[in-house]
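Notes for the structure review
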2 protein chains.
Amino acid sequence: MTDPLDAAILRVLAVDARATFAQIGQQVSLSAPAVKRRVDRMRADGVIRGYTVRLDPAALGWQTEAFVELYCQGSTSPATMRAAVEQYPEVVAASTVTGDVDLMVQVRARDMRHLEQVVERLAAEPFVSRTRSTVVLSALVRRPDVMP
Amino acid sequence: MTDPLDAAILRVLAVDARATFAQIGQQVSLSAPAVKRRVDRMRADGVIRGYTVRLDPAALGWQTEAFVELYCQGSTSPATMRAAVEQYPEVVAASTVTGDVDLMVQVRARDMRHLEQVVERLAAEPFVSRTRSTVVLSALVRRPDVMP
DNA sequence: TTTGAAAACACTTCGAC
DNA sequence: GTCGAAGTGTTTTCAAA
């Protein structure tokens, strides 16, 4: 499905998704049209979901980040959790997890006051029985998805 | 620093970082050169860190994801933690955090066996006193960085 | 099937306004 | 900020490995 050449192309795109097909081709020893065809195929196959910009959160006013663990009532469906949590622009990611906690939510806020408000609103969701927040002190590593 | 027009441009780039300046311009009512100048400025200012591809982890063989909390020995510097954790290609993100836990590490592995190996290696790091892993059941929300 | 070369088309980029 | 021209990149076509 994705041979070593595809993987090499993805590595280049992971570092710079706006690289030209010719630039990518130079790094993987392929012509621009050959690269484009492979990229088009991976896009169609769903291996490539899209391209996005990497921003400096601090420069945009996001100063505070936290992991908020939600303990949910017994029979809350993932769909319900998702629908609720998706509404929050402050929610960067959310996953159902094993263990005591039911839902792990990553929140980005302007400051502590803002974070507090978001956590309060999350805690007030009907299916949430209690929350536990862990504030991020500093982000040491942040990598785009890589190959296995 | 970033006016509403810049924010609009970033929103377009967040959805499709390979959009042409002309396409972006159409969505924000600006000419292509005007968009380019703003993008160049945000790039120079560090607001835009770069562009990356969004991949389907499962399609690439990453089937398992987990939050691994590391409890570290009293006086371990963030630099030490970072240097150690950065070595692992399986580590997607790592942050120092408040609370009992010292380091929150997000790991992506091929399968449970692979995850287990990674956790064991992390636990064997000299400064790690104990670990606690939470496996992701399903990713409900995953958003690129957005505006405050 | 997949590739590379060439041509037509679109975008980027820069100077002038 | 826009406009227009010159340089690049993209995309299609086609022939070959």
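Calculation rules
Residues numbered from 1 in each chain as written. Chains lettered and ligands numbered in written order. Predicted model: local features only at pLDDT ≥ 70, side-chain atom pairs only at ≥ 80, totals over all residues. Heavy atoms only, no water. Near = heavy atom within 4 Å. Polar contact = N/O pair within 3.5 Å; in protein donor to acceptor, adjacent residues only side chain to side chain. Helix = DSSP H or I, 4+ residues; strand = E, 2+ residues; numbered from the N terminus. Nonpolar A, V, L, I, M, F, W, Y, C, P; charged D, E, K, R; others polar. Buried < 20%, exposed > 50% of the residue type's maximum accessible area, 1.4 Å probe, protein only. Salt bridge = Lys/Arg side-chain N within 4 Å of Asp/Glu carboxyl O. Least-squares fit on C-alpha atoms with pLDDT ≥ 70 in both. Contact = heavy atoms within 4.5 Å. Buried area = accessible area lost by both parts, 1.4 Å probe. Core = buried A, V, L, I, M, F, W, Y, C linked by side-chain atoms within 4.5 Å. Phe/Tyr/Trp six-rings, centres within 6.5 Å; stacked < 30°, edge-to-face > 60°. Axes fitted to C-alpha atoms, helices over the stretch in contact; angles between N-to-C directions. Parallel < 35°, antiparallel > 145°, perpendicular 65-115°, else oblique.

Per an unreviewed UniProt entry, the recorded name for chain A is Transcriptional regulator, AsnC family, and the organism is Cellulomonas gilvus.

Time to look at the protein's contact with DNA strand C. All residues adjacent to DNA strand C are Arg 18, Ser 31, Pro 33, Ala 34, Arg 37 and Arg 38 of chain A together with Thr 20, Phe 21, Ala 22, Pro 33 and Lys 36 of chain B. Arg 37 of chain A is positioned such that a nitrogen or oxygen atom in its side chain is 3.2 Å from a base oxygen of DNA strand C. Between DNA strand C and the protein, one listed contact pairs a phosphate oxygen with a side-chain N or O atom of Arg 38 of chain A at 2.9 Å. Of all the elements in the fold, those that place two or more residues in the surface near DNA strand C are α3 (32–45) of chain A together with α2 (21–28) and α3 (32–45) of chain B. Per-element accounting of the surface near DNA strand C gives the leading share, 4 residues, to α3 of chain A. By residue class, the composition of the surface near DNA strand C is 5 nonpolar, 2 polar and 4 charged.

Take unusual backbone geometry next. All names here are of chain A. Located in the positive-phi region is Ser 29, a residue other than glycine, with phi close to 60°. By the secondary structure assignment, Ser 29 is in the loop between α2 (21–28) and α3. Assessed through its relative accessible area of 64%, Ser 29 is described here as exposed.

Residues and elements named next belong to chain B. Scanning the model with the defined rule gives 20 salt bridges over all chains in all. We note a salt bridge from Asp 3 to Arg 38, for which the minimum N-O separation is 3.0 Å. In this pair, Asp 3 is assigned in the segment before α1 (4–15) and Arg 38 in helix α3, connecting sequence segments 35 residues apart. For Asp 3, a relative accessible area of 31% gives the class partly exposed. With a closest N to O distance of 3.6 Å, Arg 108 and Glu 65 form a salt bridge.

With an RMSD of 0.1 Å, chain B superimposes on chain A once it is rotated by 180° and translated 0.0 Å along the axis. Such a combination of turn and shift is consistent with a two-fold rotation axis. Interface overlap between copies is the fraction of interface residues in one copy that are interface residues in the other; for chain B against chain A it reaches 100%, indicating a shared surface.

This part takes up the interface of chain B and chain A. On the side of chain A, 63 residues touch chain B, which itself brings 63 residues to the contact. Counting the surface lost from both chain B and chain A, the interface buries some 6100 Å², and carbon and sulfur atoms represent 55% of this. Interface area lost by chain B to chain A is led by Arg 18, Leu 140 and Arg 143 of chain B, which between them contribute 13%. Put simply, chain B and chain A have 2 salt bridges between them.

Another aspect to go through is the nonpolar core. Membership of the largest hydrophobic core comes to 40 residues, with the highest contact counts inside it found for Ile 48 of chain A together with Ile 48 of chain B. Here Ile 48 of chain A is in contact with Leu 10, Leu 13, Val 39, Met 42 and Arg 43 of chain A together with Val 53, Arg 54 and Leu 55 of chain B, once residues within four sequence places are set aside.

Turning our attention to the packing of aromatic side chains. Taken as a whole, this structure holds 1 aromatic pair over all chains when the rule is applied. Ring centres 5.9 Å apart and planes at 80° place the aromatic pair Phe 67 of chain A and Phe 67 of chain B in the edge-to-face group. In this pair, Phe 67 of chain A is assigned in strand β2 (residues 64–72) and Phe 67 of chain B in strand β2 (residues 64–72), connecting two distinct chains. For Phe 67 of chain A, a relative accessible area of 2% puts it in the buried group.

Further remarks concern the packing of α2 of chain B against α3 of chain B. All names here are of chain B. Contact geometry of α2 with α3 gives a least axis separation of 8 Å together with a crossing angle of 100°. The orientation of α2 relative to α3 falls into the category roughly perpendicular. Across the interface between the two elements, Phe 21, Ala 22, Ile 24, Gly 25 and Val 28 from α2 touch Ala 32, Val 35, Lys 36 and Val 39 from α3. Residue classes in the contact of α2 with α3 are distributed as 7 nonpolar, 1 polar and 1 charged.

A word on the protein's contact with DNA strand D. Taken together, 14 residues lie around DNA strand D, and Phe 21 and Lys 36 of chain A together with Ser 31, Arg 37 and Arg 38 of chain B are the ones closest in. Across the atoms of DNA strand D situated within 4 Å of the protein, the share located in sugar and phosphate is 63%. Within the side chain of Ser 31 of chain B, an N or O atom sits 2.4 Å from a phosphate oxygen of DNA strand D. The side chain of Arg 37 of chain B places a nitrogen or oxygen atom 3.3 Å from a base oxygen of DNA strand D. Elements with a minimum of two residues in the surface near DNA strand D: α2 and α3 of chain A together with α3 of chain B. The element that contributes the greatest number of residues to the surface near DNA strand D is α3 of chain B, accounting for 4 residues. Counted by class, the surface near DNA strand D contains 7 nonpolar, 2 polar and 5 charged residues.

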